[in-house]
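# Summary of the model geometry
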Amino acid sequence: MLIAVAITCSVFALGIEGKLVVAGVRSFVQLLLLGAILVPVFKINNPLLSFAYICMMLLVAVQEAMARPSYTFPRMLRCVYLSFGGSVGVCGFIGLFLALGVDLDAR
């Protein structure tokens, strides 16, 4: 698939074929490493470990988002944390309680 897109970019002389291939290979390697990290986390089957991993990834995502923009504003870090944390919380709530039907009953 990546080769087809690179060929299409070459045919239309977009000049991004090299960047596209590098980005595709980089994504592939990142997903392999992520899988190598997630398999042990899920095999342990500890909710606290999973929660800690989610929090760590949230911190990494916020730091990555803060490093990229050319324009910043005061209290931007707080806004990014709130937006990322809020979206993770909403998605977690929908996934656990609405989609999977997880109950908070301790029985």
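Up top is the structure.
In what follows, the accompanying structure is described.

Cut-offs applied
- Residues numbered from 1 in each chain as written.
- Predicted model: local features only at pLDDT ≥ 70, side-chain atom pairs only at ≥ 80, totals over all residues.
- Heavy atoms only, no water.
- Axes fitted to C-alpha atoms, helices over the stretch in contact; angles between N-to-C directions.
- Helix = DSSP H or I, 4+ residues; strand = E, 2+ residues; numbered from the N terminus.
- Parallel < 35°, antiparallel > 145°, perpendicular 65-115°, else oblique.
- Left-handed = near helix turned anticlockwise from the far one by under 90°.
- Contact = heavy atoms within 4.5 Å.
- Expected span 1.5 Å × (residues − 1).
- 1 Å grid on protein atoms, 1.4 Å probe; cavity = no way out; pocket = protein on both sides within 12 Å on 5 of 7 lines; lining within 4 Å.
- Points joined across faces, edges and corners; volume = space filled by probe spheres on them.
- Nonpolar A, V, L, I, M, F, W, Y, C, P; charged D, E, K, R; others polar.

### Quick notes on the packing of helix H3 (residues 47–67) against helix H4 (residues 76–99)
In helix packing, the relevant descriptors are the interaxial angle and the interaxial distance, both defined with respect to the helix axes. Running from N to C, H3 and H4 cross one another at 140°; their axes reach a closest spacing of 10 Å. Between H3 and H4, the angle is such that the two are oblique. When you trace H3 past H4, the crossing you get is right-handed. Here Ile54, Leu58, Leu59, Ala61, Val62, Gln63, Ala65 and Met66 of H3 lie close against H4, whose contacting residues are Met76, Leu77, Val80, Tyr81, Phe84, Gly85 and Val88.

### Some details on helix H2 (residues 17–44)
With 28 residues, H2 should cover 40 Å at 1.5 Å per step; its first-to-last C-alpha distance of 41 Å lies within 8% of that length. With its phi angle positive at about 60°, Asn45 sits one or two positions after the end of H2.

### Overview of the layout of surface pockets
Taking a probe equal in size to a water molecule and rolling it over the atoms shows the remaining empty space. Looking at the largest pocket, its volume works out to about 320 Å³. Taken together, Pro47, Ser50, Phe51, Ile54, Cys55, Met57, Leu58, Gly85, Val88, Gly92, Phe93 and Leu96 make up the full set of residues lining the largest pocket. Those elements that place two or more of their residues in the lining of the largest pocket are H3 and H4. At seven residues, H3 tops the list of elements feeding residues into the lining of the largest pocket. Of the residues assigned to the lining of the largest pocket, the class counts are nine nonpolar, three polar and no charged.

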